Amino acid sequence: MSTHHATPAAGRTRVQQAALAVGAVFLLVGVLGFIPGVTTDYDTMEFAEHHSEAKLLGVFQVSILHNIVHLLFGLAGIAMARAASTARTFLIGGGVIYLILWIYGLIIDHDSAANFVPVNTADNWLHFVLGVGMIALGVLLTRRTAPTAR
């Protein structure tokens, strides 16, 4: 029995659909990070340092580098959604990256040069939720199920 559960209508497995959706959201967030109004204090945006006071939706601290990372992550998710195995890798690997970023954000001084991404408390907890959620999608959507008796 297939472990990736293809859906006949779309021709994609559930894990591929999830990776495509997550990738599309990251791509959208990356674009929105460059739109004044959606990103507050846009005029203070820096390339890569904690002095950037620009905030996506007025909450999540962003910089040019932060937005570029979102764009690249989104493109990676869309590209990796082409096959179930790479979609799973994107979700689980990306989830691990976000959990590492969450830990990094917790241990650095947000007012120091180490906060080059930059991140704030809202970013940190969003990274935690993204990490756990992406890993859960990657694992749960590709777990083996026992064949049913006929």
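Because the structure is predicted, anything quoted here is derived from the model rather than measured.

A. Local environment of the packing of helix H1 (residues 14–32) against helix H4 (residues 121–140). One can describe the packing of H1 onto H4 by two numbers: an axis separation of 9 Å at closest approach and a directional angle of 155°. Relative to H4, H1 is oriented roughly antiparallel. Two secondary-structure elements touch here, H1 through Arg14, Val15, Ala18, Val22 and Phe26 and H4 through Leu130, Met134, Leu137, Gly138 and Leu140.

B. Structural detail: the packing of aromatic side chains. As enumerated under the stated definition, the model contains eight aromatic pairs in all. Relative to Tyr98, the ring of Phe73 has its centre 5.2 Å away and its plane inclined at 80°; by these criteria the two rings are edge-to-face. Linking Phe73 in helix H2 (residues 64–80) with Tyr98 in helix H3 (residues 84–107), this pair joins segments that are 25 residues apart in sequence. The exposure class of Phe73 is buried, given its relative accessible area of 13%. For Tyr98, a relative accessible area of 4% translates into the label buried. An angle of 70° between the planes, with centres 5.9 Å apart, marks the rings of Trp125 and Phe128 as edge-to-face. Taken together, the residues span about one helical turn, with Trp125 and Phe128 both in helix H4 at a distance of three residues. A network of ring pairs unites the aromatic residues Phe26, Phe73, Phe90 and Tyr98 as a single cluster.

C. How the structure looks around the pattern of salt bridges. This model, assessed by the stated rule, comprises one salt bridge. One salt bridge connects Lys55 with Glu53, and the closest N-O pair in it is separated by 3.6 Å. Judged by relative accessible area, which is 21%, Lys55 ranks as partly exposed.

D. A look at the sheet that holds strand E1 (residues 39–40). Reading across from one edge, E1-E2-E3 is the order of the three strands in this open sheet, with antiparallel pairing throughout. Each edge of the open sheet is held by one strand with a lone partner, namely E1 and strand E3 (60–61). Direction of pairing for strand E2 (residues 55–56) relative to E3: antiparallel, over a ladder of two bridges. Paired with Lys55 across the strands is Gln61, a residue of E3.

E. Quick look at the environment of Leu57. Relative to the assigned elements, Leu57 resides in the loop between E2 and E3. In the structure, Leu57 is positioned 18 residues away from Thr39 in sequence and 5.5 Å away in space, judged by C-alpha atoms. The contacts of Leu57, once residues within four sequence positions are left out, are Val38 and Thr39.

F. Broad picture of the layout of surface pockets. Taken as a whole, the largest pocket holds about 240 Å³ of empty space. As for the largest pocket, its lining consists of 15 residues, of which Val29, Leu56, His70, Leu126 and Leu130 are closest to the centre. Breaking the lining of the largest pocket down by element, the ones donating at least two residues are H1, H2 and H4. Taken together, the residues of the lining of the largest pocket break down into eleven nonpolar, three polar and one charged. Put simply, the second largest pocket is a space of about 150 Å³. Leu65, His66, Val69, His70, Phe73, Ile97, Tyr98, Leu101, Phe116, Val117 and His127 are the residues that line the second largest pocket. If you tally residues by element for the lining of the second largest pocket, the top one is H2, at five residues. Looking at the lining of the second largest pocket, its residues break down into eight nonpolar, three polar and no charged.

What counts, and at which threshold
Residues numbered from 1 in each chain as written. Predicted model: local features only at pLDDT ≥ 70, side-chain atom pairs only at ≥ 80, totals over all residues. Heavy atoms only, no water. Axes fitted to C-alpha atoms, helices over the stretch in contact; angles between N-to-C directions. Helix = DSSP H or I, 4+ residues; strand = E, 2+ residues; numbered from the N terminus. Parallel < 35°, antiparallel > 145°, perpendicular 65-115°, else oblique. Contact = heavy atoms within 4.5 Å. Phe/Tyr/Trp six-rings, centres within 6.5 Å; stacked < 30°, edge-to-face > 60°. Buried < 20%, exposed > 50% of the residue type's maximum accessible area, 1.4 Å probe, protein only. Salt bridge = Lys/Arg side-chain N within 4 Å of Asp/Glu carboxyl O. Pairing = 2+ DSSP bridges. 1 Å grid on protein atoms, 1.4 Å probe; cavity = no way out; pocket = protein on both sides within 12 Å on 5 of 7 lines; lining within 4 Å. Points joined across faces, edges and corners; volume = space filled by probe spheres on them. Nonpolar A, V, L, I, M, F, W, Y, C, P; charged D, E, K, R; others polar.

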